[in-house]
There are 2 protein chains.
Amino acid sequence: MPDPSPIPRLKPGRRSENRRENQRLILAAAEKVFAEAGFGGATMQLIADMAGLPKANLHYYFATKEELYRRVVQDIFEIWLHAADSFDAAPDPASGIGAYIDAKMEISRRHPAGSKVWASEVMHGAPVIQDYLETTLREWTGGRAALIQGWIDAGKMDPIDPQHLLYMLWATTQHYADFGHQIETLNGGAPLTEAQWQAAKASVKQIILRGIGALPGA
Amino acid sequence: MPDPSPIPRLKPGRRSENRRENQRLILAAAEKVFAEAGFGGATMQLIADMAGLPKANLHYYFATKEELYRRVVQDIFEIWLHAADSFDAAPDPASGIGAYIDAKMEISRRHPAGSKVWASEVMHGAPVIQDYLETTLREWTGGRAALIQGWIDAGKMDPIDPQHLLYMLWATTQHYADFGHQIETLNGGAPLTEAQWQAAKASVKQIILRGIGALPGA
DNA sequence: TCTTTTCCTGACCGTATGGTCAGGGTGCAG
DNA sequence: CTGCACCCTGACCATACGGTCAGGAAAAGA
């Protein structure tokens, strides 16, 4: 036998490999379509076309439109949460919040569709991720608020309501994704250049960090 | 003749009066439904039910769903623009921008549905109000940016890119409408109280005005 | 090889939606 | 009072949607 085959079930097989690939294709297409048309405006046919698969195949992997949508939103939420790693273990507000702004701006730039889906979901009353808001997000928010309060107590920044500061961080950074089309239009119809993105990040960081008294100079 | 009838067509009549009232009902219901379900998810039947009118009556006043939607978005845009009056004729950034923040926060509080419809429209690529973005909004933005630049040149505030400052103002104030559900959930499921709204306004103003160096103290 | 399991899809179905229309009602001018 | 123009709406229609399913293809296991 020329084939020793040391481990029988070694190769994952084209089977599960193809399965993952198809799911990836569907989820990517779904994210785009949901972002562009909203849940109600999105159609399974459109998602199927964009993924290059027959519609019935979508229903093989995802039983219903809602299930597919839920997966998309959950995936976004995961990315969202990981962005907060920049927050932790920072010695002071300037570095912690600064890094968080950078991370969230980068996500707005790289995953604008995801941000839009999230925004749309929340705007419509969070019908499918209400439980996430009440558990994971609430815990996350409480933790960061406590962290910020610690900085305030330590005299590292001005006394600002941590909750409203967090809202401001979310609003400002996500605006560049959610309202990207408006920004692009006001930019003469062209997407922001690399330099403009850097300028945006710098402006946001400057205003907020200075605004909370976390910048040494000035 | 006991009736002098100084002006023949004086009384507007119940006719046009009822017409206006019905249109108002429909537009109010449409704003709510479009905000809650998005354009694609909204149905004429739902709007009709909420307005207390038969569906066919909607089509008497507004030929198509798109036409009704367009009217809703246009009305919001008008309110949006009027809010900027606070901006003009202000001697310095603190009062001008401060008043603008107050005005926009108040709109977010009073017209959350309108804000959501606008956000949704822009997020989906502004299919029906693209021309507004390219004309009215672009002019408005250019004017305010010049005004801010004037303040900067006069040394009344730090050198901040006016464009990004405007984005920040929009993002932050509208967040309280667009993400009101998320904020409410993080607030223990209860809407913000009067005091909390005041705190929100104060926080936003403090961070931004201090952040751009427009606050005398500190 | 044969069997079993998983994967895939064209064709189909019930439903709900945006929109239409004929016909009846109603305020108002003359 | 009469005629007319505007107003209103129940019933209807074509379409498009989410979802189903029978049956074939292909890989995995024996």
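Scroll up to find the structure this text is about.
The present account deals with the structure reproduced in this document. Everything numeric here is computed off the predicted structure, so don't read it as measured data.

## Things to note about the protein's contact with DNA strand D
Surrounding DNA strand D, one finds 21 residues, the nearest of these being K55 and K65 of chain A together with R19, Y60 and Y61 of chain B. The sugar-phosphate share of atoms of DNA strand D within 4 Å of the protein amounts to 61%. Between DNA strand D and M44 of chain A, the relevant distance is 3.0 Å, taken from a phosphate oxygen to a main-chain nitrogen or oxygen of the residue. Separating a phosphate oxygen of DNA strand D from a side-chain N or O atom of Y61 of chain B is a distance of 2.3 Å. Breaking the surface near DNA strand D down by element, the ones donating at least two residues are α1 (13-41), α3 (55-61) and α4 (65-82) of chain A together with α1 (13-41) and α3 (55-61) of chain B.

## Focus on the pattern of salt bridges
All names here are of chain B. What the rule picks out here adds up to 16 salt bridges over all chains. Between E21 and R24 there is a salt bridge, with the nearest N and O atoms lying 3.1 Å from each other. Note that E21 and R24 are positioned in helix α1 at a spacing of 3 residues, about one turn of the helix. Given a relative accessible area of 32%, E21 falls into the partly exposed group. For R24, a relative accessible area of 47% puts it in the partly exposed group. Residue D75 is joined to R71 by a salt bridge in which the shortest nitrogen-to-oxygen separation is 3.8 Å.

## Let's talk about the packing of aromatic side chains
Any pair of aromatic rings gets described here by the distance separating the centres and the angle formed by the planes. By the definition in use, this model includes 27 aromatic pairs over all chains. Here F39 of chain A and Y69 of chain A contribute two aromatic rings whose centre-to-centre distance is 4.9 Å and whose plane-to-plane angle is 65°, an arrangement assigned as edge-to-face. Of this pair, F39 of chain A sits in helix α1 while Y69 of chain A sits in helix α4; the two residues are 30 residues apart in sequence, bridging distant segments of the chain. Residues F77 of chain B and W118 of chain B carry aromatic rings whose centres are separated by 5.2 Å and whose planes lie at 15° to one another, so their mutual orientation is stacked.

Cut-offs and rules
Throughout, a residue's number is its position along its own chain's written sequence, starting from 1. Going through the entries in the order they are written, you letter the chains from A and number the ligands from 1. Side-chain atom pairs in this predicted model are given and counted only at pLDDT of 80 or more, local residue features only at pLDDT of at least 70, and totals for whole chains, interfaces and linings cover all residues. Calculation of side-chain values draws on the structure's entire complement of heavy atoms; hydrogens and water are dropped beforehand. Note on definitions. A residue lies near a molecule or strand when any single heavy atom of the residue is within 4 Å of it. Throughout this description, a polar contact denotes any pair of N or O atoms lying within 3.5 Å of each other; where both atoms belong to protein, one of them has to be capable of donating a hydrogen while the other can accept it, and for residues adjacent in sequence the pair is counted only when both atoms sit in side chains. Helix and strand definitions follow DSSP, with helices as H or I runs of at least four residues and strands as E runs of at least two, each counted in order from the N terminus. A carboxyl oxygen of Asp or Glu within 4 Å of a side-chain nitrogen of Lys or Arg is what we treat as a salt bridge. Per-residue accessibility, obtained with a 1.4 Å probe over protein chains only, is compared with the maximum for each type, and a residue is labelled buried under 20%, exposed over 50%, and partly exposed between these values. Only Phe, Tyr and Trp rings are paired, with Trp represented by its six-membered ring, and only when their centres lie within 6.5 Å; those with planes under 30 degrees apart are stacked, over 60 edge-to-face, the remainder tilted.

Don't take any of this as a statement about function, it's just geometry.
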